[in-house]
Amino acid sequence: MAAFKTLLVLLSVCSFGSATNRVLELSDRFLELRGDSPWLIMFYAPWCGHCKKLEPVWNHVAHALYGTDIRVGRVDCTRFTAVATEFVVKGFPTIMFVKGDERHSYKGDRVKEEIVGYAIRMSSPPVQLIASPQHLRDTISHGDLFFTFVGNKEGHLWEVYKEIAEEYRPYHFFYSIEASCMQDHTFKPFCPPVTTLSVMVFKDDKHFFYPVPDEQALVENESVVNTTLNEWINHERFPLFTKFTHGNLHQLWKIKKYLAITVVKESKTGRITTDEDAEEYVDGYKFRDMVESVIRNNRDKYHQHFQFGWTGTPDLANSIAMERLPLPSLLVVNASTMHHHLPEDPAHHLTTDAIEVFLDTVIAQSAPSFGGDSWPIRIYRVYYNAKTSLEDMWQGNPVLTALLFGLPLGFLSLICYSIWCSDILDADEEEEVNQHEKKE
């Protein structure tokens, strides 16, 4: 305890920025004095542009977690290389939750809400207790997606639920609640029908039940719960119409559905834009709302097959389709095979009925498919991403791009010329010497 207090004093002296900044600047001493308290740490390098962009967000994260038992700090890996080596930091910035010998790298979006939620989940038990009806009401009022186990915490269903909660804890909240709390008159609609043993998900202002196998099925084959509960939670762990980002795409691939992505462009201020100069202009907000209405009005028909959502980052969708899609667009990707589908009609001709027909052909596997996950496609995707990155750099700053690539190519050309043409130069010199000797 004394060592921990000493650490806090040292870190307070080393804190950076204004007096109101809650981020602690860590040094090599952290390896000796970190204790068993939970830490959320950003490993950074001063020259890293992404680290500088994250810095104001990190300050907000520290303020949000102030008053909890989670300490928020950062480490300059160019100065304190021993810390970077100990935590096997391979890139900047790296965000890591540390508690004693536990280490968990954060892989989500670098926004305050996501990082704070991650830190709270990682510092709490995998399954948290909802102790009263009021606690449940408060949890629901936050509007966040969460799962809860209803009933006595025993038996095979509970054990499987705990294991799944441990696996998905970095991304979602998992709770347990006594069945008596669900019997409160306020929650009559939520009461499990048939049995008091259930697993539920609350999302989109609604709730859905895991179809618990009957007792006979459980007796005959308990492993059925392992498979069906895992699949159900995996399918339900995103909102009905979610936002696709680089931070959550790696998790969306795992749900093994078709990803129906509405592609628009989101500005830094959050405004959705499209190709306003296009011959047939389509409002991005209206197009997104139209696609969203399809799943909301046909959940029973499409939810089993599709995860709907939108992205404000066209490059994410372009990388999948390996072409620059017009804005707005609708792109459907098979998360298992990486094949993608595009409607034959342009965006300004699409209606809800046309979208439903398109989705039906995807389910029936009669829609034209493109791409895939073969090695030639992978190689072409790498080439496409490199080409588009270079094009974006050129459009953003042609002078800097020319210097970055022109100077190395120029030096490489000189080196190659001196190596490959040295024999020719030597031959020319020998020829001149021989001619001079003959004249003499």
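Data block above holds the structure.
Description of the structure in this document. (Residues numbered from 1 in each chain as written. Predicted model: local features only at pLDDT ≥ 70, side-chain atom pairs only at ≥ 80, totals over all residues. Heavy atoms only, no water.)

Here the focus is the overall build of the chain. In terms of regular secondary structure, the chain is built from 18 helices and 18 strands. Across the 440 residues in the chain, those meeting the buried criterion constitute 43%. Considering only residue pairs separated by 6 or more positions, the chain has 70% of its internal contacts joining residues 24 or more positions apart. When the accessible surface of the chain is totalled, it reaches about 24,400 Å², and 55% of it is carbon and sulfur. (Helix = DSSP H or I, 4+ residues; strand = E, 2+ residues; numbered from the N terminus. Buried < 20%, exposed > 50% of the residue type's maximum accessible area, 1.4 Å probe, protein only. Contact = heavy atoms within 4.5 Å. Areas by Shrake-Rupley, 256 points an atom, 1.4 Å probe, with all protein chains shown as cover.)

In this section: the packing of aromatic side chains. Aromatic rings considered in pairs are described by the distance between their centres and by the relative angle of their planes. Counting across every chain of the model gives 19 aromatic pairs. The interplanar angle of 35° and the centroid separation of 5.4 Å between the aromatic rings of Y258 and F306 together place this pair among those described as tilted. Here Y258 is found in strand β12 (residues 258-263), whereas its partner F306 is found in strand β15 (residues 306-311), with 48 residues between them in sequence. The residues Y258 and F306 share a single accessibility class, namely buried. Ring centres of Y380 and Y383 lie 5.8 Å apart, and the angle between their planes is 50°; on these two criteria the pair is classed as tilted. Of this pair, Y380 and Y383 both sit in helix α16 (residues 375-396), three residues apart, roughly one helical turn. (Phe/Tyr/Trp six-rings, centres within 6.5 Å; stacked < 30°, edge-to-face > 60°.)

Let us now look at the nonpolar core. One finds F287, F306, F308, V332, I355 and L359 to be the most contacted residues of the largest nonpolar core, which totals 25 residues. For this core, the secondary structure elements donating two or more residues are β12, α12 (284-297), β15, β16 (329-334) and α15 (352-363). Once residues within four sequence positions are removed from consideration, L359 is found in contact with V294, Y302, F306, F308 and V332. Counting residues in each nonpolar core, the second largest holds 22 residues, with M42, V61, I70 and A119 among its members. (Core = buried A, V, L, I, M, F, W, Y, C linked by side-chain atoms within 4.5 Å.)

Here we take up the environment of K90. Within the element layout of this structure, K90 appears in the loop between α4 (81-86) and β4 (94-99). Taking the C-alpha atoms as reference points, K90 and F43, separated by 47 residues in sequence, lie 9.8 Å from one another.

What follows is about the environment of H156. Here H156 shows up in helix α7 (residues 156-168). Of note is the side chain of H156, whose polar atom sits 2.7 Å from the side chain of N226. (Polar contact = N/O pair within 3.5 Å; in protein donor to acceptor, adjacent residues only side chain to side chain.)

Attention now moves to helix α10 (residues 223-236). Taking 1.5 Å per residue as the helical rise, α10 with its 14 residues ought to reach 20 Å, and the 20 Å between its terminal C-alpha atoms agrees with that figure. When we look at burial in α10, the residues that qualify are V225, L229, W232, I233, N234 and E236. (Expected span 1.5 Å × (residues − 1).)

This brings us to the sheet that holds strand β5 (residues 102-105). Here we have five strands laid out as an open sheet, ordered β1-β3-β2-β4-β5, and mixed in their pairing. Each end of this open sheet is capped by a strand with a single partner; those strands are β1 (24-26) and β5. Within this sheet the neighbouring strands show an average axis-to-axis angle of 30°, counted without direction. Relative to β5, β4 runs antiparallel, the two sharing four bridges. Bridge pairing in β5 places M96 opposite S105. Taken strand by strand, helix α3 (residues 49-65) contacts β2 (38-44), β3 (71-76) and β4, and its axis lies near 165° from that of β2. Across the sheet, helix α5 (residues 112-123) lies against β2, β4 and β5, angled at about 25° from β4, the strand it touches most. (Pairing = 2+ DSSP bridges. Axes fitted to C-alpha atoms, helices over the stretch in contact; angles between N-to-C directions.)

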